[in-house]
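# Overview (structure and organization)
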Amino acid sequence: DISATSVLTNKPPAAPYRGSGRPEAHLARECAIDRLARRLGIDPLTLRERNLLGSGDMPYDTGLLYRDGTPLVYDGFDTRACLRAAMAEAGTKPASGSGSRRVGRGVACYVASSGMGPYETARVEVRDDGKILLATGATCQGQSHATTFARLVGDALGISATDCILVPPDTDALEDGWGTMASRSAVAAGNAAAIAAGSLRRQLEDLDATAAMNGGHPGRSRRANGSVAETLSPEKLRDLVRVARAAGREDALSATGVFRPPTITWGCGVHVAVIEVDVELRQIHLVDYVAAYDHGPILDQFVVDGQMYGAIAQGLGGVLCEELTFDASGQPTSTNLADYLLPTAGMFPHIRLVKAAESPSALNPLGLRGLGEAGTVAPPAAVVNALEDALQDLHLEVDHIPLTCERLHRLLETVGL
């Protein structure tokens, strides 16, 4: 049961946040699971193991409707594998400590949607120098689109990814597109790019075969069946550009792909946080952090790692230090980076990432699932559960974040510490 109260305030409106809405919802659920486990005298891991969905439960119909009006169905991931992988990497639970320094471990599971519609468009074109231009409707905001999409197009065309150039979104290069949001770029724009590249490949093969039949085949890269070589080179593509123009077939040198996701796809993960609480100094120190995930096939592991590290750091900043504060009259008091604290590298231990599974989605040709926002979802719940674990003999329950020194002080004061 959920009850809510809507209020009108003079505080500024909320802005988009990675995973917006999910960190809060998962915080409430995952903390409730730990508190329930303590009341029942059950290990929180055991309670999760009994209730988690595994690959054998998929697809799983939640009985709800997604906001696009379609049934909300988990389309295949393995949270059980993530839990096993996370706990294996995290190892034995550390001793709880004593005196003023206490150690706690918190676990948080999550699911994350991605790849929303309604569509995305991509266009590929062979340049005169044999390079491939790629345009998509997905604007890069630091997600390494140039690397990921170049690899997709390169694989589809049989060329080196270094010979594919992503151009900034521009209506001169692509008339229609949707945009970057909601962890949709790899799923929506990636599949559109692969569709466009596949179409271009078939056009080039047809052009190549026609030229061969007419005695005008460039020659040196031809396969036995007379079509374009498996591995194209800029030289070969330059030859095909000349053939196309001589034959009045410039249309064969470009192709557009559109992908319309039938609905969203889902990924999952399990995060484990170990913290040390200094009761005297009212400070929380991260000791260890593990994140295991299943977000389908991986296009570029280096890019995925970067996305996950950055998102986890953002989630940890949200639970440990980032806070908008106001005075009694509603005036903001965190107006600069001295008052609004951002997470820094020195706050974190080495974050260990574990790819627990790569369950492909049946909802798109490449089987992809998005993950750009997923890393922010679980850190708040994992850290809060770790804090309550460290202080469980005091029967404290956290009801507000971030867990700043001041807030931890107030919390400990309630039990006379």
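Here, every reference points to the structure presented above.
The text that follows walks through the structure, step by step, so that each part is easy to find. For every chain, the first residue of its written sequence is number 1, and the numbers climb from 1 along that sequence. Where local features are concerned, this predicted model is filtered to residues with pLDDT of at least 70; where side-chain atom pairs are given and counted, the filter is 80 or more; whole-chain, interface and lining totals use all residues. Side-chain figures throughout are based on the complete set of non-hydrogen atoms in the structure, without hydrogens or water.

Sheet architecture is open: 4 strands sit in the order S7-S6-S5-S8, paired in mixed fashion. Two strands in the sheet have a free side with no partner beyond their single neighbour: strand S7 (164–166) and strand S8 (254–259). Here the average twist between neighbouring strands, direction ignored, is 20°. Here a strand pair is declared whenever DSSP counts at least two bridges between the two strands. Helix and strand definitions here come from DSSP, where helices need a minimum of 4 consecutive H or I residues and strands a minimum of 2 consecutive E residues; each element is numbered from the N-terminal end. Across 5 bridges, strand S5 (residues 120–126) lies against strand S6 (residues 132–136) in antiparallel orientation. Residue pairing in the sheet places Ala122 in a bridge with Thr136 of S6. Interaxial angle, 0 to 180 degrees, is taken between N-to-C directions of lines fitted to C-alpha atoms, where a helix line uses only the stretch in contact.

Turning next to the nonpolar core. Core analysis: the biggest nonpolar cluster contains 44 residues, and Tyr110, Leu286, Tyr289, Leu316, Val383, Leu387 and Leu403 have the highest contact counts within it. Secondary-structure elements contributing two or more residues to this core are helix H1 (22–40), strand S4 (101–114), strand S9 (265–278), strand S10 (283–294), helix H7 (301–320), strand S11 (351–357), helix H8 (379–390) and helix H9 (405–413). Any two residues whose heavy atoms approach within 4.5 Å are treated as being in contact. Excluding residues within four positions of it along the chain, Val383 makes contact with Ala273, Ile275, Leu286, Leu316, Val319, Leu320 and Leu403. Nonpolar cores are built from buried Ala, Val, Leu, Ile, Met, Phe, Trp, Tyr and Cys residues. Side-chain atoms within 4.5 Å join them into one set. Relative accessibility thresholds used throughout: buried, under 20% of the residue-type maximum; exposed, over 50%; partly exposed, between the two (1.4 Å probe, protein chains only). In this structure, Phe149, Leu152, Val241 and Leu368 belong to the second largest nonpolar core, which totals 34 residues.

Counting buried positions over the 14 residues of S4 gives 13, a clear majority of the element. Connecting the antiparallel pair strand S3 (residues 97–98) and S4 is a turn made up of 2 residues, with Gly99 showing a positive phi of about 65°.

Either a parallel or an antiparallel arrangement is found when strands of a sheet pair, and the pairing is made through backbone hydrogen bonds. Taken in spatial order, the 5 strands line up as S3-S4-S9-S10-S11 in an open sheet, and their pairing is mixed. For this open sheet the edge positions go to S3 and S11, each flanked by a neighbour on one side alone. In this structure, S9 lies alongside S10, joined through 11 bridges in antiparallel fashion. Residue pairing for S10: Asp278 is matched across the bridge by Gln283.

Quick look at unusual backbone geometry now. Here the amide bond leading from Met58 into Pro59 is cis, since omega sits at -5°, within 30 degrees of zero. Between Gly117 and Pro118 the backbone carries a cis peptide bond, its omega angle lying at 5°. The residue Pro118 is located in the loop between S4 and S5 in this model. Phi is positive for Ser183, which is not a glycine, with a value near 50°. Residue position: Ser183 is located in the loop between S7 and helix H5 (185–213). Here His395, not a glycine, exhibits a phi torsion of approximately 60°, which is positive. Tracing the chain through its elements places His395 in the loop between H8 and H9.

Here a ring pair, both rings aromatic, is described through the centre-centre distance and the interplanar angle of the planes. Two rings from Phe, Tyr or Trp (for Trp, the six-membered ring) form a pair when their centres sit within 6.5 Å of each other. Planes less than 30 degrees apart are called stacked, planes more than 60 degrees apart edge-to-face, and all others tilted. Tallying each qualifying case throughout the model produces 4 aromatic pairs. Here Tyr60 and Tyr74 contribute two aromatic rings whose centre-to-centre distance is 6.3 Å and whose plane-to-plane angle is 20°, an arrangement assigned as stacked. One end of the pair, Tyr60, is in strand S1 (residues 60–65); the other, Tyr74, is in strand S2 (residues 71–74), and 14 residues separate them in sequence. Assessed through its relative accessible area of 15%, Tyr74 is described here as buried. Put simply, the rings of Tyr60, Tyr74, Phe77 and Trp266 pair up and form one aromatic cluster.

Bringing the environment of Arg202 into the picture now. Topologically, Arg202 is positioned in helix H5. What makes Arg202 exposed here is its relative accessible area of 54%. The spacing of Arg202 and Gly56 is 146 residues in sequence and 38 Å in space, taken between C-alpha atoms.

Where helix H2 (residues 44–51) meets helix H3 (residues 79–90), the closest approach of the two axes is 10 Å, and the angle between their N-to-C directions is 155°. Accordingly, the angle class assigned to the pair H2 and H3 is roughly antiparallel. The way H2 lies across H3 gives a crossing that is left-handed. Residue-level inspection shows Leu45, Glu49 and Arg50 of H2 in contact with H3, the latter providing Arg80, Leu83 and Met87. Each angle is binned into one of four classes, with values under 35 degrees roughly parallel, values over 145 roughly antiparallel, values of 65 to 115 roughly perpendicular, and all other values oblique. Note on convention: the crossing is left-handed when the near helix lies turned anticlockwise from the far helix by less than a right angle, right-handed when the turn is clockwise.

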